[in-house]
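Residue-level listing of the chains:
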Amino acid sequence: MKKVVIITLALVMALSPVVLAACSSVNQLNSISVSWTDYEHYVYEIRQDNVAEAIGKMTYTFERILTDTQVQIGEATYTASEGAIISTKLEITSGEYQGDVMESKVLVKSNLLPVASFKKLESTDTARAYTSSIVYESKKVRITVNGKTSTFKARNCYDNESLYTLARASRLTEQSYGLSVAGVDNLQGSTRSVSMQKASNAEIAVGAFVDSENKARSINCYHVVLSSAAKYGKGVQTHIYFAIDKQDVKKADDSVVRVLKAPLKIVEGNYIYNLIQVVLDK
């Protein structure tokens, strides 16, 4: 089995059928605010250190629920009148994991507390392929991986697939920003800590936003670091860069919408996710 780390959305998480959930009781959660648009679809190009060409693509979609909606999560259907659906899709087109496709969907309440989630990894390596579903109840979490179900006592847990959204919804303007969560390892039946902290602001060039000469424009970003405990080999950090200023995005009808705290870049180990497109039309 490959080494497993905290990685929430992307390639390293796809290496093994371990599903994580994040539990938290810190005060910063009281200031969570989902203040961006009702539908946002982000497309990222995946690159690996020392590899010249892109090795795949990842998409992340946030869709707010505004009316009574039937939401399909795995084989179950939920009725929701508020909250959102967070979906991701990862496709590897070259390299060691060529052909791998991972898809996930999580239904969350308006405060990002999850209701249920589903993840599936399709791979030519059948030892790594898996499906998993998580149901969040009032005082426990029920996790099913490849048909095997485990239940853990837990309250106020945040699904692993929504951690980036949780970071984005945080009050990043605060210099003392910090958020601590506990990850649940369903295979080991134990927990480990994950922390979110701000590093120094950074300036990065982003292909999704270009200047008058059609060159990638440099954008000032909040730099949020997710750190996991060193339970599996060495500890690991994930770096996420959110635009400090609102970014103009053109819709299909040529109207322009200003997007708040757009997630521009993600670095997970030696895998880099660069934003190449933002779509606001469903």
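How each quantity is defined
What you see as residue numbers is a count from 1 along each chain, following the sequence as written. Only residues with pLDDT of at least 70 are given local features in this predicted model, and only at 80 or more are side-chain atom pairs given and counted; all residues enter the totals for whole chains, interfaces and linings. Values shown for side chains rest on all heavy atoms present in the structure; no hydrogens or waters enter the calculation. Pairing of aromatic side chains requires ring centres within 6.5 Å, counting the rings of Phe and Tyr and the six-membered ring of Trp. Pairs whose planes differ by under 30 degrees are stacked, by over 60 edge-to-face, and all others tilted. Where helices and strands are cited, they refer to DSSP runs of H or I of at least four residues and of E of at least two residues respectively, numbered from the N terminus. Three exposure classes are used, based on accessible area relative to the maximum for each residue type with a 1.4 Å probe and protein chains only: buried under 20%, partly exposed in between, and exposed over 50%. Charge over a ring is defined by NZ of Lys or CZ of Arg lying within 6 Å of the ring centre and within 35 degrees of the ring normal. Here a salt bridge means any side-chain nitrogen of Lys or Arg lying within 4 Å of a carboxyl oxygen belonging to Asp or Glu. pLDDT gives the predictor's per-residue confidence on a scale running from 0 to 100. Throughout, a contact is declared for two residues whenever any of their heavy atoms are within 4.5 Å. Strands are labelled as partners when DSSP assigns at least two bridges between them. The criterion is simple. A nonpolar core is a set of buried Ala, Val, Leu, Ile, Met, Phe, Trp, Tyr and Cys residues joined through side-chain atoms within 4.5 Å. Think of a 1 Å grid over the protein atoms and nothing else: a 1.4 Å probe that fits but is trapped marks a cavity, an open set flanked by protein within 12 Å on at least five of seven lines marks a pocket, and residues with an atom within 4 Å of a point count as lining. Grid points are joined across faces, edges and corners, and a volume is the space filled by probe spheres set on the points.

Novice: Is there a simple way to explain the packing of aromatic side chains in this structure?
Specialist: Working definition: an aromatic ring pair is given by the centre-to-centre distance plus the angle between the planes. In this structure the tally under the stated criterion is three aromatic pairs. With a centroid separation of 5.4 Å and 75° between ring planes, the pair formed by Trp36 and Phe62 is classed as edge-to-face. Taken as a pair, Trp36 in the loop between strand E1 (20-23) and strand E2 (39-48) and Phe62 in strand E3 (residues 56-64) lie far apart in primary sequence, 26 residues in all. Both residues of the pair, Trp36 and Phe62, count as buried. Put simply, the rings of Tyr42, Tyr44 and Tyr60 pair up and form one aromatic cluster. Its guanidinium or amino end placed over the ring of Trp36, Arg168 lies 4.0 Å from that ring's centre, counting from NZ or CZ. The ring of Tyr241 has Lys265 sitting right over it, with the charged end atom 5.8 Å from the ring centre.

Novice: It is not clear to me how the pattern of salt bridges should be interpreted in this structure. Could you clarify?
Specialist: Once their charged atoms are close, side chains differing in charge can pair, the charge on each being opposite to the other. This structure, assessed with the given rule, holds 13 salt bridges. With its nearest N and O atoms 3.7 Å apart, the salt bridge here joins Lys140 to Glu137. Overall, Glu137 belongs to the partly exposed group, its relative accessible area being 32%. Connected via shared salt-bridge partners are Asp100, Asp125 and Arg128.

Novice: Where do I start with the confidence of the model for the protein in this structure?
Specialist: Low pLDDT means the predicted coordinates in that region are not meant to be read closely. A residue-level look at the protein finds 85% of positions with pLDDT of 70 or above and a mean pLDDT of 85. Long-range and interchain partners of residues 1-17, a stretch whose pLDDT sits below 50, account for 72 contacts in this model, where long-range means more than four residues apart.

Novice: How should the pairing of strand E9 (residues 130-136) be read in this particular structure?
Specialist: The side chains of a regular strand alternate, residue by residue, between the two faces of the sheet. By the criterion of burial, E9 is predominantly enclosed, with five of the seven residues buried. In the sheet, strand E8 (residues 114-122) pairs with E9 via six bridges, with the strands oriented antiparallel. Looking across to E9, one finds that Ala116 is bridged to Val135. Relative to strand E10 (residues 140-145), E9 runs antiparallel, the two sharing five bridges. Bridge assignment links Val135 to a residue of E10, and that residue is Arg142. The loop that links E9 with its antiparallel partner E10 comprises three residues.

Novice: Just to check I follow, could you spell out unusual backbone geometry for this structure?
Specialist: Glycine aside, residues mostly have negative phi angles, and peptide bonds mostly take the trans form. For Asn214, which is not glycine, the phi dihedral falls at a positive 65°. Within the secondary structure, Asn214 sits in the loop between strand E14 (190-210) and strand E15 (216-228). Among the residues examined, Asn214 registers a relative accessible area of 60% and is labelled exposed. At Asp254, a position not held by glycine, the phi torsion is positive, near 75°. Residue position: Asp254 is located in the loop between strand E17 (247-250) and strand E18 (256-259). For Asp254, a relative accessible area of 54% gives the class exposed.

Novice: So what exactly am I meant to see when it comes to the nonpolar core here?
Specialist: Soluble globular proteins tend to bury their nonpolar side chains together. With 59 residues, the main nonpolar core has Leu166, Met196 and Leu264 as its most contacted residues. What Leu166 contacts, discounting residues up to four positions off in sequence, is Leu29, Ile32, Leu112, Tyr158, Leu179 and Met196.

Novice: Whenever I open this one, the pairing of strand E16 (residues 237-243) confuses me. Can you help?
Specialist: Within E16, six of the seven residues are buried, leaving the element largely enclosed by the surrounding structure. Where E15 and E16 come together, seven bridges link them in antiparallel fashion. Paired with Ser227 across the strands is Gln237, a residue of E16. Sheet analysis places E16 next to strand E19 (residues 263-268), joined by five bridges and oriented antiparallel. Note on E19: the bridge partner recorded for Thr238 is Glu268.

Novice: What is the right way to look at empty space enclosed by the protein in this model?
Specialist: Taken as a whole and assessed by the stated rule, the structure comprises two cavities of 30 Å³ or more. Considering only enclosed or pocket space, the largest cavity measures out at about 80 Å³ in volume. Lining the largest cavity are eleven residues, with Tyr44, Tyr60, Tyr164, Phe242 and Pro263 sitting closest to its centre. Per element, the largest residue contribution to the lining of the largest cavity is three residues, and it comes from helix H1 (residues 163-169).

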